[in-house]
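Okay, here's what each chain looks like letter by letter:
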Amino acid sequence: MHRFSFFNRLSLENQSILLAAATKTTIPKEHLLFHQGDTCRQILFLVEGSIRVFRRHDSGQEITLYYLKPFEQCNVNINSAFGNTPAIGSAISESELEGYMIDANVLHTLYRQEQAYQDYVFSLFSIRLEEFTELVEDIRFKKLDERLMQWLQDTPEQTLTITHEKLASHIGTSREVVSRLLKTLEKEGVITLSRGKITKCPVQKSSFLKWF
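Residues numbered from 1 in each chain as written. Predicted model: local features only at pLDDT ≥ 70, side-chain atom pairs only at ≥ 80, totals over all residues. Heavy atoms only, no water.

As recorded in an unreviewed UniProt entry, the chain goes by Crp/Fnr family transcriptional regulator and comes from Sulfurospirillum tamanense.

Spelled out as structure tokens, the structure:
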């Protein structure tokens, strides 16, 4: 808990309360932390790993809202827990997670008492607002092939183990559309496809730029 930016700015009393309330936890990869519509009773303090937060439409299609990194807290989780309202999305572990679970009532009290924790929570909402703005701009102004290419460029791995359905959720479209776009990229020599894998080819920068 000491590694979170706000912790050392808390009063000694609230530091002790927070440490006493924190339960260390390890969560396996691809574990659903909460469902869209759940009311969260605890808040996760993430120390290691990555979490994908997404929203699912009635049609079954998903769109990724954001990724949670170490020493951040999930805004959907906080909003649901503090407001005692249904979560507007779901969260799933992208890797094994390590962190601390703390009862929402403890943190709600801490939020009312400590400016340091208020500042931390507001900073998280500022980060998410910027990410949501970029997401809306991408959906509104970028074509799907551009968004797919951007996602591939932003992903550092040369070979990606991912299904077309999951990739579709990242860029907000259907599996069928993603499959068609990937086939086009394969014909262009940008990627090669195999079962459950996408391998980026060593192409010239100009080959990527023509998609933008």
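1. Looking at the UniProt feature "domain: Cyclic nucleotide-binding" (unreviewed entry) in the chain
Put simply, the test is: UniProt positions are given in the numbering used here, feature names are shortened, and annotations may be inferred rather than shown by experiment. Secondary structure elements follow DSSP: runs of H or I no shorter than four residues count as helices, runs of E no shorter than two count as strands, and numbering proceeds from the N terminus.
Per the UniProt record, "domain: Cyclic nucleotide-binding" (unreviewed entry) is annotated on residues 6–68. Secondary structure across residues 6–68 divides into 16% helix and 44% strand, with the first and last C-alpha atoms of the span separated by 18 Å.

2. Some thoughts on the side chain of Q73
The following threshold applies: Any N or O atom pair separated by 3.5 Å or less is treated as a polar contact, with the protein-specific requirement of one donor-capable and one acceptor-capable atom, and with residues adjacent in sequence counted only for side-chain atom pairs. The contact rule is simple, with two residues in contact once any of their heavy atoms fall within 4.5 Å.
In this structure, Q73 sits in the loop between strand 5 (62–68) and helix 2 (75–83). Polar contacts involving the side chain of Q73 include one to the side chain of Y117, which spans 3.1 Å. Dropping the residues within four chain positions of it, Q73 is found in contact with I43, L44, F45, L68, I78, L107, Y117, Y120, L124 and R128.

3. Considerations on the pairing of strand 6 (residues 90–93)
For clarity, the cut-off: Only protein chains enter the accessibility calculation, which uses a 1.4 Å probe. A residue is then buried if its area is under 20% of the maximum for its type, exposed if over 50%, and partly exposed in between. One bridge is not enough; two strands pair if DSSP finds at least two bridges between them.
Of the two faces of strand 6, the one carrying S90 and I92 and the one carrying A91 and S93 are both buried. The sheet contact formed by strand 2 (residues 32–34) and strand 6 spans 2 bridges and is antiparallel. Paired with L32 across the strands is I92, a residue of strand 6. Where strand 4 (residues 51–56) lies against strand 6, 4 bridges are found, and the strand directions are antiparallel. Note on strand 6: the bridge partner recorded for I51 is S93.

4. Notes on helix 1 (residues 12–21)
What sets the pattern is the α-helix's 3.6 residues per turn: residues three or four places apart point alike. Threshold: Note: the arc covers the axis-to-C-beta directions of the helix.
Among the residues of helix 1, those classed as buried are N14, Q15 and L18. Seen along its axis, helix 1 keeps its buried residues to an arc of 105 degrees; they face one direction. Exposed and facing more than 90 degrees away from the buried side of helix 1 are L12, E13 and A20. For helix 1, the secondary structure elements touched by its buried residues are strand 7 (97–103) and helix 3 (104–113).

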